[in-house]
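Fold and geometry: a report
If you want the building blocks of each chain, they are given just below.
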Amino acid sequence: MFNHVGHLTLVPEATDEQIEGIVAGLLGLPAQIDGLVEAQVVRDAGLTPGNANLRFHMRFDSVESWQGYKTHPAHVAVVTDHIGPVLGSKAFVQYEDDAVRSAGA
């Protein structure tokens, strides 16, 4: 599996309705994009000032599927219609499952 993880920091003016629009939009992508196997989205608990507002994790069946996702009209629409208007900053990481290192139980 190939993974795409992002943290989105939104402008302070972003409303709950706008944030939920982002969440719904991202969670709807697996049904629309071939090779996108799973989408997870979480909102920050709000305990530490300066944290990103949202974290998402997209799992793809291949690097090629992720590359197609970047320009897929459904993904572009979520970015354009929901994320872009309230985005302050973003950070992404992409990796293969076999690159994961773990410690502890």
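Anything mentioned here points back to the structure above.
All of the points below concern the structure found in this document.

Cut-offs used in this document
- Residues numbered from 1 in each chain as written.
- Predicted model: local features only at pLDDT ≥ 70, side-chain atom pairs only at ≥ 80, totals over all residues.
- Heavy atoms only, no water.
- Pairing = 2+ DSSP bridges.
- Helix = DSSP H or I, 4+ residues; strand = E, 2+ residues; numbered from the N terminus.
- Axes fitted to C-alpha atoms, helices over the stretch in contact; angles between N-to-C directions.
- Contact = heavy atoms within 4.5 Å.
- Buried < 20%, exposed > 50% of the residue type's maximum accessible area, 1.4 Å probe, protein only.
- Salt bridge = Lys/Arg side-chain N within 4 Å of Asp/Glu carboxyl O.
- Core = buried A, V, L, I, M, F, W, Y, C linked by side-chain atoms within 4.5 Å.
- Patch = residues over 30% accessible without salt bridge, like charges linked within 9 Å, V, L, I, M, F, W, Y side chains within 5 Å.
- Areas by Shrake-Rupley, 256 points an atom, 1.4 Å probe, with all protein chains shown as cover.
- Lys, Arg positive; Asp, Glu negative; His and termini not counted.
- Charge placed at Lys NZ, Arg CZ, Asp CG, Glu CD.

1. Details of the sheet that holds strand β2 (residues 36-43)
Read from one edge of the open sheet, 4 strands run β2-β3-β1-β4, paired in antiparallel fashion. Whereas interior strands pair on both sides, the edge strands pair on one side only; in this sheet they are β2 and β4 (87-96). Each strand axis lies, on average, 15 degrees off the axis of its neighbour in the sheet, ignoring direction. For β2 and strand β3 (residues 54-60), the ladder comprises 7 bridges, and the chain directions are antiparallel. Bridge assignment links Arg43 to a residue of β3, and that residue is Leu54. Strands β1 (2-10), β2 and β3 of the sheet are contacted by helix α1 (residues 16-27), whose axis makes an angle of about 160 degrees with β2.

2. Focus on the environment of Pro85
Tracing the backbone through its elements, the reader meets Pro85 in the loop between α3 (73-83) and β4. Overall, Pro85 belongs to the exposed group, its relative accessible area being 52%. Considered as a pair, Pro85 and Lys70 are 15 residues apart in the sequence and their alpha carbons are 18 Å apart. Apart from the residues lying within four places of it in its own chain, the contact partners of Pro85 are Val79 and Thr80.

3. Some points on the pattern of salt bridges
A complete count under the given rule lists 4 salt bridges for this structure. Linking Arg43 and Glu20 is a salt bridge whose minimum nitrogen-to-oxygen distance equals 2.9 Å. Pair noted here: Arg43 is in strand β2 and Glu20 is in helix α1, with a separation of 23 residues, a long-range link. Arg43 gets classed as partly exposed once you look at its relative accessible area, which sits at 38%. Residue Asp97 pairs with Arg59 through a salt bridge whose shortest N-O separation is 3.1 Å. Pair noted here: Asp97 is in the segment after β4 and Arg59 is in strand β3, with a separation of 38 residues, a long-range link. On the basis of relative accessible area, Asp97 is assigned to the partly exposed category, the value being 31%. Linked by salt bridges that have partners in common, Asp16, Glu20 and Arg43 make up one network.

4. Re the nonpolar core
Of all hydrophobic cores here, the largest spans 23 residues; its most connected members are Leu10, Ile22, Leu26, Leu29, Leu54, Met58 and Tyr69. Only β1, α1, β2, β3, α2 (63-71) and α3 provide two or more residues apiece to this core. If sequence neighbours within four positions are ignored, Leu10 has contacts with Ile19, Ile22, Asn53, Leu54, Val86, Leu87 and Gly88.

5. Section: a negative patch on the surface
On the surface, a cluster of negative charge is made up of Asp34, Asp61, Glu64, Glu96 and Asp98. Mapped onto the elements of the fold, Glu96 is located in strand β4. The exposure class of Glu96 is partly exposed, given its relative accessible area of 35%.

It is worth stressing that arrangement in space is one thing and function is another; only the former is reported here.
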